[in-house]
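Descriptive structure summary
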Amino acid sequence: MNDISKNRGGPPAKSFRLDRTNGKIWGVCSGIASYFGWDPMLVRIGFVAGTLIGFGSLILVYAAIALIAD
């Protein structure tokens, strides 16, 4: 391996992970909030509003994120 991919001495790479300890159902909204540095309640409100406006389509997106992540 080359030295670029080893990331020696630097900060850990920021990657998306589910936050199951602070999550309500699967930790998707809490994981999104911690990744972007937002308040988890705002992300949850956004998902609920998007689900109501989008006739439930964000439920599929939420489930896909929960199954693919981690």
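About the criteria used
Residues numbered from 1 in each chain as written. Predicted model: local features only at pLDDT ≥ 70, side-chain atom pairs only at ≥ 80, totals over all residues. Heavy atoms only, no water. Patch = residues over 30% accessible without salt bridge, like charges linked within 9 Å, V, L, I, M, F, W, Y side chains within 5 Å. Areas by Shrake-Rupley, 256 points an atom, 1.4 Å probe, with all protein chains shown as cover. Salt bridge = Lys/Arg side-chain N within 4 Å of Asp/Glu carboxyl O. Helix = DSSP H or I, 4+ residues; strand = E, 2+ residues; numbered from the N terminus. Buried < 20%, exposed > 50% of the residue type's maximum accessible area, 1.4 Å probe, protein only. Phe/Tyr/Trp six-rings, centres within 6.5 Å; stacked < 30°, edge-to-face > 60°.

A look at a nonpolar patch on the surface
Taken together, the side chains of Met41, Leu42 and Ile45 make up a nonpolar region of the molecular surface, amounting to roughly 310 Å² of accessible area. On the secondary structure map, Ile45 appears in helix 2 (residues 40-53). Ile45 gets classed as partly exposed once you look at its relative accessible area, which sits at 49%.

So, the packing of aromatic side chains
The description of an aromatic ring pair rests on the distance of the ring centres and on the angle between the ring planes. One pass over the structure, following the stated rule, counts 5 aromatic pairs. Aromatic side chains Tyr35 and Phe36 sit 4.9 Å apart centroid to centroid with 90° between the ring planes, which places their arrangement in the edge-to-face category. Ring geometry for Phe36 versus Trp38: centroids 4.8 Å apart, planes at 20°, classification stacked. A relative accessible area of 48% means that Phe36 is categorised as partly exposed. Judged by its relative accessible area of 52%, Trp38 is exposed.

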